[in-house]
Amino acid sequence: MPRVPGTKTGRNAELGLLALAMIIVAAYGATVEANQFDKITPTFWVPAALLSALFVALHLVVRFTALYADPVLIPTVALINGLGVGFLRRLDLARAIAQKQPEPGIFAGVGGRQLAWTLAALVLAAVLLIVIRDHKTVSRYAYTLGLVGIVLVMIPAVLPASISEINGARLWIRIGSFSIQPGEFAKLALVSFFAYYLVRKREVLSLASRRVLGVDFPRGRDLGPVITVWMLSLLVLVFEKDLGTALLYFGLFVVTLYVATERVSWLIIGLVMFFGGVYVAYLLGASVGGPFANFYDRATVWLDPFAAENYNRVGGSYQLVQSLLGLGTGGLFGTGPGAGSPSKVPEVRTDFIFAGMGEEIGLFGLSALLICYLLIVERGLRAALGVRDSFGKLVAGGLAFTLGLQVFVILGGITGLIPLTGQTTPFLSAGGSSLMANWLLIAMLLRISDAGRRPASGGPAPSSGGPKQPPAQLHGAMTEVIKP
Amino acid sequence: MNAPLRKAGVVILVLFGLLFANLNWVQGYKADEYRTNDYNGRVQVAEYEVPRGIIEADGQALASNKLTDDELKYLRQYPKKQIYAPIVGYKPVNLGEVGIERAEDEFLSGASDKLFADRVSAMFTGDEAGGGNVVLSVRTKAQEVAWKQLTGNERGVKKGSAVAINPRTGAIQAMVSMPSYDPNPLATHDTEDAAAEYKKLNADKDKPLLNRAVAETYPPGSTFKVIVTAAALQNGYDQSTQIPAGPLYTAPGSGAPIKNSSAGTCPERQVNLKEALTESCNTGYAQLGVKLGGDKVKKAAQDWGFEQEDLTVGSLEGTGLAVAASRMGKIQNPDGSTDLAGLAQSSIGQKDVRMTTMQGAMIAATVANGGKQMRPYLVQQLLSPDRRPIYNANPQTLRTPVSSDIADDLREMMVSVVENGTGKRAQVDGFEVGGKTGTAENAEGADDHGWFIGFAYNDKGEAVSAVCVMLENVPGGHASSEAARISGLILKAAAGQGGD
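Worth saying up front: this structure is predicted, and the values here are computed from it rather than measured. (Residues numbered from 1 in each chain as written. Chains lettered and ligands numbered in written order. Predicted model: local features only at pLDDT ≥ 70, side-chain atom pairs only at ≥ 80, totals over all residues.)

## As for the overall build of chain B
Quick note on the threshold: Labels follow the DSSP assignment, with helices taken as runs of H or I lasting at least four residues and strands as runs of E lasting at least two, numbered in each case from the N terminus. Residue burial is a threshold on neighbouring C-beta atoms within 10 Å of the residue's own C-beta, all placed from the backbone, with 20 or more meaning buried, 12 or fewer meaning exposed, and counts in between meaning partly exposed. Placing a C-beta atom from the backbone of each residue, one calls two residues in contact when those atoms lie within 7 Å.
Of regular secondary structure, chain B possesses 18 helices and 19 strands. The 500 residues of chain B split such that 55% are buried. A separation threshold of at least 6 residues defines the contact pool for chain B, and within that pool the share at least 24 residues apart is 69%.

See the structure below:
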């Protein structure tokens, strides 16, 4: 894919931004060492340099396979990923110091493992970019992907709790010390399937039967698929004991449905169904208990985390309270990287990593991180706006929205905004599944943004995927071409 | 499709806006509250950065600190374990403090206003200020003897308590509660272990965490006769006044007759007051109480400290261990008239009369101090971190229930109890000892409680110590004689003799 003369690819900007991100990561590592060891070791730059090499390698792959891809995505994600590795390494250092052990090696400890996982995740992302040259080819495997997605979602619920349950939520497959979260990968598969399904069915689903209060509502018989997914997500809620995951899948489906049909009624129906279901689950948890008890517990804990009976109960609000106290201790500016006590927060390497970092980088640092996430989501949505085919639009929009929703669910949970659920914080949390799945997601967005931003061959090249688009109707027409 | 995509973008923007607003709430508005929250372990790290003050008695450390490698720098230690636990209490990492550790927490931690100057000077010198030290009034010899004798009692009693007071000052010389507990596992930095230990102790049916000396009340039995005697002396009786006695007495309106402890106890129709107390004549005191009337008996009890609900023993200026109120109980019929049968029972310390071991010791101390009841205290001195005295206990008279003349009569009569009567086992060579035994029925089929309250004068005629020993459910009868024996040994040790 040679560059069209006179067009901007944004690749040099990407490299520049990447350098900036890596300088921040290196500075973070240096500050951690200064606070932990009272001096900066001569090797403080090694993790940042290794990460830089990895990201530059990905950058080179993009140069050859997706020349016009969005230049902001990789540096922003690289910054978050790098800070995550740095923070995990910081926890390793603190533990080594406490146990009077020597400084852990570059690939040792949780931080080192995260570095290795980053390598694996970037390899996967590169493979995706190399193998899938046109995102529309994915739609050929839509039904397979849909089946795979549902299987991935259901596996932990079907497996015995001893294999799948960690901290009350059944989201894992654990084999020995090794565990994967299949749900992370299911996101990607399900988005592709939903997008394909909705592109084909959007006409039917757009049909309105009745107008109520100025909103067109669909025909009863067209509610089938949305009810199916709703049931599925509530099953997830009950059997995997996880509200966040349920919200994620259902939100993903409703939003792609809304984008595909442009019918607000779907949003309303979806929201009412979801929150109605959640409320019923809460009531059932209070009265019947059984499989609903876990959700009821989480909700009561969320309503009053500082109550002694909630705090002292096993599986109560201890985690949430420690998270809030950590964040509060950090205050506006934080204690400085390496100078706090993040290990007081349970699960600080995974679910609560944002709270652990928040103690040290403060409200200002967390706000910056939040803006980075927002940037990624908005860039993903921009890729959806820019690409010309409906399938691409739905995939990019769905993926970007899900990422944003996941960030909201976990960060809202650990800051007490919504009931806490076990989700990973994308690109930050320790763990290979999350990192790999989310880098695959980014690779997909890169691929789609490349399609959207690439100048039409021969014609005048738009410098970016702006609003200069063909009329919307044509998007639908193009999908006919890609029928399997 | 672009319009809904943009709207989806707006939704994300709103969600992130909520996150941002909530972060401002948590990290801005609530930050100070969270930073100092009790659940915040970081507060503890700071608290444990400086050594907490020492709690000591007679130059021995009862609570001290050990430097550790933990995140919490100093570990609180209790070298004497069970012996002092009911007094000193403990300072756990996560749970609430107990005992003197709680009452003097501000001073021990260094946060007290009394240590303000020390904190300022530490700021300039750069030394770590640390907390102030607490010197207890406890005589370690008396405490150790009391602990040893109580736990090694000759009757195999499992539960009981003892208190010894300096009658002239109110300084507590010994306070033992049995069974006790080792505070060290509760103060460990491993909060899970500490919580498990607390749970275990709390579930123990013998209640080792309960300070039986101050927090539990029991029927006082015949020790209560001292108060009825005082009431009689205040109402025109003297030691030689003849009072009706006899082997049996049935109060008006009651079917169950009151008996004496043995057939040889006051079978005569009349005995004098001194003999009645010396022999612990139940029929005599039951009739005496009925004769005096409920109001006078009640008032006497109140004069001696019964019904006081806000007494604490610690520093005379601040808080301390709460002492449960001793009670007379109701002696009224439903129609408002005096329940004479109940009054007869109450006059020998039964029915609903309840007393703490501390109250028992205070009664004996008041007699020994010429009728003046001194407020009991545990904190003798507060020392700054560099051991400069900041507070010295200044003895306070709590109340004066009887004149010194009546107190002298009571003293003579109580000495007669130990020399000629039921309290012979409390005798100590070289000291004039007086006292009163008590054997209290408590529950259907249960062994009686054994009591002794008493005092000792040295050869210079100074009251050196007053004591109360209480043994729960003493098997084998004569419940009070073991209490009297232990009391004698505690009095001796408190007077500076005996012990190791």
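What follows continues from the structure just given.
## Looking at the overall build of chain A
When its secondary structure is counted, chain A shows 17 helices and six strands. Counted over contacts in chain A with a minimum sequence separation of 6, partners at least 24 positions apart contribute 71%.

## A word on the nonpolar core
Filter applied, for reference: Put simply, a nonpolar core is a cluster of buried Ala, Val, Leu, Ile, Met, Phe, Trp, Tyr and Cys residues tied together by C-beta atoms within 7 Å.
Of all hydrophobic cores here, the largest spans 148 residues; its most connected members are A:Ala125, A:Leu440 and A:Leu445. Setting aside residues no more than four positions away along its own chain, A:Ala125 makes contact with A:Leu58, A:Trp439, A:Leu440, A:Ile442 and A:Ala443. Core analysis: the second largest hydrophobic core is formed by 141 residues, B:Ala164, B:Ile172, B:Leu382 and B:Val415 among them.

## Thoughts on the interface of chain A and chain B
Applied cut-off: As a working rule, the residues Ala, Val, Leu, Ile, Met, Phe, Trp, Tyr, Cys and Pro are called nonpolar, Asp, Glu, Lys and Arg charged, and the rest polar, with Gly in that last group.
Each side of the interface is counted separately: chain A has 43 residues, and chain B has 29 residues. A total of 12 residues in the side of chain A that touches chain B trace back to one element, the largest contributor, which is helix H14 (residues 353-386) of chain A. Among the residues forming the side of chain A that touches chain B, the class breakdown is 23 nonpolar, 16 polar and four charged.

## A word on the environment of A:Ile418
Residue and element names in this part refer to chain A. Inspection of the secondary structure assignment puts Ile418 in the loop between helix H15 (390-414) and helix H16 (432-453). The class for Ile418 is buried, based on 22 C-beta atoms found within 10 Å. In this structure the C-alpha to C-alpha distance between Ile418 and Leu303, which are 115 residues apart in sequence, comes to 9.0 Å.

## Regarding the confidence of the model for chain B
Residues and elements named next belong to chain B. For clarity, the threshold we go by: Confidence of the predictor at the level of single residues is captured by pLDDT, which takes values from 0 to 100.
Per-residue pLDDT for chain B has a mean of 89; in total, 97% of the residues score no lower than 70. When the elements of chain B are averaged for pLDDT, helix H7 (residues 116-125) gives the smallest value, 72, and strand E5 (residues 160-165) the largest, 96. This prediction of the complex comes with two scores: 0.61 for pTM and 0.88 for ipTM.

## Regarding the pairing of strand E2 (residues 60-67) of chain B
Residues and elements named next belong to chain B. Worth spelling out the cut-off: Note on pairing: two strands pair once DSSP finds at least 2 bridges between them.
Summarising the sheet, strand E1 (residues 55-57) and E2 pair through three bridges and their orientation is antiparallel. Within E2, the residue paired with Glu56 across the bridge is Ala61. Taken together, E1 and the strand that follows it, E2, pair antiparallel across an intervening segment of two residues, in which Asp58 is found at a positive phi of about 50°. As defined by bridge partners, E2 adjoins strand E3 (residues 74-77) across four bridges and the pair is classed as antiparallel. By the bridge assignment for E3, Lys66 is matched with Leu75.

## Some thoughts on the packing of helix H7 (residues 182-206) of chain A against helix H9 (residues 243-261) of chain A
All names here are of chain A. Note the cut-off: Each axis is a line fitted through C-alpha atoms, and for a helix only the stretch in contact is used; angles between axes span 0 to 180 degrees, taken between their N-to-C directions. For classification, angles of less than 35 degrees are called roughly parallel, those exceeding 145 degrees roughly antiparallel, those between 65 and 115 degrees roughly perpendicular, and all remaining angles oblique. By convention the crossing between two helices is left-handed if the near helix lies anticlockwise of the far one by an angle smaller than a right angle, and right-handed if it lies clockwise.
Where H7 meets H9, the closest approach of the two axes is 8 Å, and the angle between their N-to-C directions is 30°. Taken together, the axis directions place H7 and H9 in an arrangement best described as roughly parallel. For the crossing formed where H7 meets H9, the hand is right-handed. In this structure, H7 uses Gly183, Leu190, Val191, Phe194, Ala195, Leu198, Val199, Arg202, Leu205 and Ser206 to contact H9, whose residues at the interface are Thr245, Tyr249, Leu252, Phe253, Thr256, Leu257, Ala260 and Thr261. Its residues placed into classes, the contact of H7 with H9 shows 12 nonpolar, five polar and one charged.

## Regarding the sheet that holds strand E4 (residues 133-136) of chain B
Residues and elements named next belong to chain B. A sheet is described by the order of its strands in space; here six strands give the open sequence E3-E2-E1-E4-E14-E15, paired in mixed fashion. Each end of this open sheet is capped by a strand with a single partner; those strands are E3 and strand E15 (389-392). Here the average twist between neighbouring strands, direction ignored, is 25°.

## Overview of the confidence of the model for chain A
Taken over all residues, the pLDDT of chain A has a mean of 83, while the share at 70 or more is 86%. Taken as a whole, residues 458-484 of chain A scores under 50 in pLDDT and shows 36 contacts with residues more than four places along the chain or in a different chain.

## Thoughts on the sheet that holds strand E19 (residues 463-471) of chain B
All names here are of chain B. The strand order across the open sheet formed by five strands is E6-E5-E19-E18-E17, and the pairing between neighbours is antiparallel. Edge positions in the sheet fall to strand E6 (172-178) and strand E17 (432-440), since each of these pairs with one other strand and no more. The sheet shows a mean angle of 5° between the axes of neighbouring strands, taken without regard to direction. Across six bridges, the pairing between E5 and E19 is antiparallel. Bridge pairing in E19 places Val163 opposite Cys468.

## Details of helix H13 (residues 318-330) of chain A
Residue and element names in this part refer to chain A. Operational definition: One less than the number of residues in a helix, times 1.5 Å, gives the span that helix is expected to have.
Over its 13 residues, H13 extends 18 Å from the first C-alpha to the last, a length consistent with the 18 Å expected when each residue adds 1.5 Å. Residues of H13 that are buried: Gln319, Leu320, Val321, Gln322, Ser323, Leu324, Leu325, Gly326, Leu327, Gly328, Thr329 and Gly330. Phi turns positive, to about 65°, at Gly331, one or two residues after H13.

## Quick look at unusual backbone geometry
Residues and elements named next belong to chain B. The amide bond that connects Met178 to the next residue, Pro179, takes the cis arrangement and shows omega of -5°. Looking at the element boundaries, Pro179 is found in the loop between E6 and helix H9 (184-187). For Ser280, which is not glycine, the phi torsion reads 60° and is therefore positive. Mapped onto the fold, Ser280 is located in the loop between helix H12 (273-279) and helix H13 (282-292). The exposure class of Ser280 is buried, given the 27 C-beta atoms found within 10 Å. The backbone phi angle of Lys351 is positive, close to 55°, even though this residue is not glycine. Inspection of the secondary structure puts Lys351 in the loop between helix H15 (340-347) and helix H16 (357-368). A count of 20 C-beta atoms within 10 Å places Lys351 in the buried class.

## Things to note about helix H18 (residues 479-494) of chain B
In this model, H18(B) (16 residues) spans 23 Å end to end at C-alpha, consistent with the 22 Å of a helix rising 1.5 Å per residue. Just past H18(B), the residue B:Gly496 takes up positive phi, approximately 95°.

## Section: the environment of B:Ile331
Residues and elements named next belong to chain B. Mapped onto the secondary structure, Ile331 falls in the loop between strand E12 (320-322) and H15. Sequence-wise, Ile331 and Lys351 are 20 residues apart; in three dimensions their C-alpha atoms are separated by 9.1 Å. Not counting the four nearest positions on each side in its chain, Ile331 is found in contact with Gly294, Thr338, Asp339, Gly342, Leu343 and Ser346.

## Digging into the packing of helix H4 (residues 109-131) of chain A against H16(A)
Residues and elements named next belong to chain A. Relative orientation of the contacting elements H4 and H16 amounts to 30°, with a least axis distance of 8 Å. Compared by their axis directions, H4 and H16 come out roughly parallel. Judged by the twist between their axes, the crossing of H4 over H16 is right-handed. Touching Trp117, Thr118, Ala120, Ala121, Leu122, Leu124, Ala125, Leu128 and Leu129 of H4 are Gly432, Leu435, Met436, Trp439, Leu440, Ile442, Ala443, Met444, Leu446 and Arg447, all from H16. Residues that form the contact of H4 with H16 fall into these classes: 16 nonpolar, two polar and one charged.

## Considerations on the environment of B:Gly130
Residues and elements named next belong to chain B. By secondary structure assignment, the location of Gly130 is in the loop between H7 and E4. Note: C-alpha distance between Gly130 and Glu47 (83 residues apart in sequence) is 9.7 Å. In this structure, Gly130 is in contact with Val50, Pro51, Gly53, Gly110 and Pro385, ignoring residues within four places of it in sequence.

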